[in-house]
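As a plain string of letters, each chain reads:
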Amino acid sequence: ILKSSKSVESKSSTQFRSVLVVFQFATSIILVISTLVVYGQTMFSNNMDVGYQSDNKLVLNIRTADENLPSLTQELLNLPEITSVVLSSEAPSQDNENNNYFKLLEPNADGILSEPKIINYHNMGFGFFEAYQVQPVAGRLFDEDFGSDTIEEVTEGEVGNASAVINMSALKKFGFNNAQEAIGKTLESHIRGKQHLTIIGVIPDIYFRSIKFGLRASVYTLYPPRFSVASLSFETNDVASLIAKVEGVWKVNVPMQPINLQFLSEMMSAQYQDELTTAQLFLVFSMIAIIIACLGLYGLSAFTVERRTKEIGIRKVMGASVKDIVALLMWQFSKPVVLANLIAWPIAAYLMLTWLESFPYRLSAIWLVPICLSVGLLSMIIAWSTVGGNAAKVARKNPVKALRYE
């Protein structure tokens, strides 16, 4: 098609071809930069310190265990590979919007009583924080040796007494100056009746769900009827055998219900599945866009080289080497790629910085500089690889044939 229309080729049509190549490469560069940023943010999120130990843990759904839960727990503990079995209302990555009103009964340092605050809360069993290696900043954690930690359901008109653990974000929300100051203070809330919860400990902030949601003020209580998952800590290299044993224990104790068992690490990774899917889509479209751009650049170079056949022949007669001619042609076809980079970089940077704003904790914007430069260099290498062979082939031709070319 290009050969048949070369006699009517005009400057405007040549420029239009160049514009198409620039557009194709700019699109490719934007997609490649986006792919790298999305992958980078996903890896950053997965590798960020969440504040607890998540390795070697299985999460077992115990909602259907009912009255068989005590025997199920004991038999799981009897397995030599299992080091601990702790119960809770949710496991990490399962965090929902469990909110309730909590009011600090004691006045603050200025003698002012605070208003009730809506705060996220969880129910954790004995040993939960220890199993996840969360150490208190002040005070203690839930302990069976103390008889007052568990929430008991009370009737209307009565007030229950139990214990609570809060995180550092809740500490600030309640207006405490330091962690030790909160120990012994009382929170009032309505959890299975009116409850007075004595703050027995303060723990660091932990990311119970994706870092996309940031940190939240949280109160941790102990109310067994709300337990729905068991976290199984294990030490073994034969994970397949362990899973088979856990399934066997489940079938004995809860024979009529299917088991729901997952690795905590996989559950946490699944929180970023949307980002991984986005990155994979970007990658596929990037490859398609690069192929199309290379086809366009190759077509443009083949067409241009054909039109400049006599010029190349004259340059060779005048003493130009193959290397000189190839360098000349490659530089000419590098210009659209350089222009495409200059167009794509600010667009990609704007789009990715806007996307990253949805993450409270994200890659530093400075990472866009090496990413853009690397993608720019990659695009140049692809362009040189695309046109280099064709340019070298033409440059090696006998100048006599070039001068006789029509």
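Residues numbered from 1 in each chain as written. Predicted model: local features only at pLDDT ≥ 70, side-chain atom pairs only at ≥ 80, totals over all residues. Heavy atoms only, no water.

1. Observations concerning helix α2 (residues 69-77)
Step number 1: When we look at burial in α2, the residues that qualify are L69, L72, T73 and L76. The buried side chains of α2 occupy one side of the element, clustering within an arc of 95° when seen end-on.
Step number 2: Buried-residue contacts for α2 involve β1 (57-61), β2 (82-88), β10 (229-234) and α6 (239-253). (Buried < 20%, exposed > 50% of the residue type's maximum accessible area, 1.4 Å probe, protein only. Helix = DSSP H or I, 4+ residues; strand = E, 2+ residues; numbered from the N terminus. Arc of directions from axis to C-beta. Contact = heavy atoms within 4.5 Å.)

2. Re the side chain of T221
Step number 1: When you line up the elements, T221 lands in strand β9 (residues 218-221).
Step number 2: Within the local environment of T221, its side chain forms a polar contact with the side chain of N123, the two groups lying 2.8 Å apart.
Step number 3: Contact partners of T221, with chain neighbours within four places excluded, come to Y121, H122, N123, M124, F142, I151, S163, A164, I191 and L197. (Polar contact = N/O pair within 3.5 Å; in protein donor to acceptor, adjacent residues only side chain to side chain.)

3. With respect to the packing of aromatic side chains
Step number 1: One pass over the full model with this rule turns up six aromatic pairs.
Step number 2: Centroid distance F128 to F129: 5.7 Å. Interplanar angle 85°. Geometry classified as edge-to-face.
Step number 3: Judged by relative accessible area, which is 1%, F129 ranks as buried.
Step number 4: Sitting over the face of the ring of Y132, K57 holds its NZ or CZ atom 5.0 Å from the ring centroid. (Phe/Tyr/Trp six-rings, centres within 6.5 Å; stacked < 30°, edge-to-face > 60°. Lys NZ or Arg CZ within 6 Å of the ring centre and 35° of its normal.)

Spatial relationships are all this shows, so hold off on functional conclusions.
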